[in-house]
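Structural description and commentary
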Amino acid sequence: MASVTRGILPHFPQYTCNKTTTISLTLNPTSTTRRRRFSVLSMADSGRTTVLVTGAGGRTGQIVYKKLKERSGEYVARGFVRSEESKGKIGGEDDVLIGDIRDPQTVNPAVEGIDALVILTSAVPKMKPGFDPTKGGRPEFYFEEGSNPEQVDWEGQKNQIDAAKAAGVKHIVLVGSMGGTNLNHPLNSLGNGNILVWKRKAEQYLADSGIPYTIIRAGGLQDKEGGIRELLIGKDDELLETETKTVARSDVAEVCIQALQFEEAKFKAFDLASKPEGSGTPTKDFKSLFSQVTTRF
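Analysis parameters
- In every chain, residue numbers begin from 1 and rise along the written sequence.
- With pLDDT at 70 or above as the cut-off, local features in this predicted model cover only qualifying residues; side-chain atom pairs require 80 or more to be listed or tallied, and sums for whole chains, interfaces and linings still use all residues.
- As a rule here, side-chain values cover all heavy atoms of the structure and leave hydrogens and water aside.
- The term salt bridge refers to a pairing of a side-chain nitrogen on Lys or Arg with a carboxyl oxygen on Asp or Glu at a separation within 4 Å.
- Numbering goes from the N terminus for both helices and strands, where a helix is a DSSP run of H or I of at least four residues and a strand is a run of E of at least two.
- Relative accessible area decides the class of each residue, using a 1.4 Å probe on protein chains only: under 20% of the type maximum gives buried, over 50% gives exposed, and in between gives partly exposed.
- We treat two strands as partners when DSSP finds at least two bridges between them.
- Axes here mean lines fitted to C-alpha atoms, for a helix over just the part in contact, with angles spanning 0 to 180 degrees between N-to-C directions.
- Planes of paired rings set the category: under 30 degrees apart is stacked, over 60 is edge-to-face and the rest tilted, where pairs are Phe, Tyr or Trp rings (Trp by its six-membered ring) whose centres lie within 6.5 Å.
- Lysine and arginine charges are scored as sitting over a ring when NZ or CZ, respectively, is within 6 Å of the ring centre and within 35 degrees of the ring normal.
- What a helix should span is 1.5 Å times the count of its residues minus one.
- Residue contacts follow a heavy-atom distance rule, with two residues in contact if any of their heavy atoms lie within 4.5 Å.
- Side-chain atoms alone can form a polar contact between residues adjacent in sequence; in general such a contact is a pair of N or O atoms within 3.5 Å, and within protein one must be able to donate a hydrogen while the other accepts it.
- In this text, buried Ala, Val, Leu, Ile, Met, Phe, Trp, Tyr and Cys residues form a nonpolar core when linked through side-chain atoms within 4.5 Å.

**Here's the deal with the pattern of salt bridges**
Counted by the stated rule, this structure contains 16 salt bridges. E93 is the partner of K69 in a salt bridge, and the nearest nitrogen-oxygen pair spans 3.0 Å. Of the two residues, K69 sits in helix α2 (residues 59–70) while E93 sits in the loop between α3 (84–89) and β3 (96–98), which places them 24 residues apart along the sequence. One salt bridge connects K69 with D95, and the closest N-O pair in it is separated by 2.7 Å. Separated by 26 residues along the polypeptide, K69 in helix α2 and D95 in the loop between α3 and β3 bring together distant segments of the chain. Bridged by salt links that share partners, the residues R59, D223 and R249 form one connected network.

**Some thoughts on unusual backbone geometry**
The backbone of N192 shows a phi angle near 55°, a positive value even though the residue is not glycine. Along the chain, the position of N192 falls in the loop between α6 (186–189) and α7 (195–207). Notably, D236 is not glycine yet its phi reads approximately 50°, a positive angle. Mapped onto the fold, D236 is located in the loop between β10 (231–234) and β11 (246–248). Residue D236 is classed as partly exposed on the basis of its relative accessible area, which comes to 46%.

**Points about the sheet that holds strand β12 (residues 268–274)**
Read from one edge to the other, the open sheet built from eight strands follows the order β3-β2-β1-β4-β7-β8-β12-β10, with strand pairing classed as mixed. Two strands bound the open sheet, and with one partner strand each, they are β3 and β10. Going across the sheet, the axis of each strand differs from the next one's by a mean of 25°, ignoring polarity. Bridge count for β10 against β12 is four bridges, and the pairing is antiparallel. Looking at the pairing, L232 lines up with A273 of β12.

**Comments concerning the packing of aromatic side chains**
In this structure the tally under the stated criterion is four aromatic pairs. Ring geometry for Y213 and F267: centres 5.6 Å apart, planes at 85°, overall edge-to-face. Of the two residues, Y213 is situated in strand β8 (residues 213–218) and F267 in the loop between α8 (249–259) and β12; the sequence distance between them amounts to 54 residues. Take F267: its relative accessible area is 29%, and that puts it in the partly exposed class. Put simply, the rings of F262, F270 and F290 pair up and form one aromatic cluster. Geometry around F297 places R217 over its ring, the cationic atom sitting 4.8 Å from the centre.

**Some thoughts on helix α5 (residues 149–167)**
Across its 19 residues, α5 extends 25 Å between first and last C-alpha, which sits within 8% of the 27 Å expected from 1.5 Å per residue. For α5, every residue scored as buried is listed here: P149, V152, D153, W154, G156, Q157, N159, Q160, I161, A163 and A164. Lining the buried residues of α5 we find β1 (49–54), α4 (104–111), β4 (116–119), β7 (171–177) and α7. If you check the start of α5, you find a side-chain oxygen 3.1 Å away from the backbone N of E150, and it comes from N148. Following α5 by one or two positions, G168 has its phi on the positive side, about 75°.

**Details of the nonpolar core**
Formed by 37 residues in total, the largest nonpolar core has its most connected members in V64 and L272. Sorting elements by how many residues they give to this core places α8 first, with six residues. With near-sequence residues (within four places) excluded, L272 lies in contact with M178, I216, R217, A218, G219, L231, L232, I233, L239, V247, V252 and V255. Ranked by size, the runner-up nonpolar core spans 30 residues in total, among them L97, I119, F141 and V169.

Structure representation (structure tokens):
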């Protein structure tokens, strides 16, 4: 997605849908071959947590997937992407499945045998052609047909949550965005998509599902080094009223993985930002960070 001026549009995890995409294994939910493969994986990897990252081809999703792969002693990583191109971005390994989150027939087999699900899928607005920044004004955006926020951020995430619940997944981490308390937030006007409204609806659906969850509402995402800033927890978009309303993608990815390790992160929702680099103490104690959260939604 073309970069735009901060304040117009923070970077969302990239995910668009293609009506013709199919899963790289098999779409037959009764396939004995597929079931046997996942069964063998589960037996071989007992003692480690198997985690599926959806939207693994996006900029934040790639980081989460890579971090999980680097911690192979603790995790078995799986990725879920929308195309062969996205699969190639993260190495093209067999543990990366191709599918369409709007189609339960591709989502259901992907969640089979996993312990945890990290949802990083999101509709991505595109800039209409012809915008000339030299003439002033703001660019206009649109969503591709079949890939608007209602279809991706609501129906697509609902499909993932339903599939995870049916498969007995033990924990879902969902990455959303700050700003959802304000119906008039500028992001909702992009492409007339009401993207934060549909994200919020999916978050509420997850909170009501009965599955242990962690909802991370990230501030403006930055492509910067992680692990060198003090992270800030907030609620109800209070951080948007401060000067600290951005966060590095790598830090969001780390919080996703750390949330899988602590009971203090379960059944909680929070806003996430960070202090500027060099201000405060870099966050290392994630148990204490999650203990600051008192809100279930």
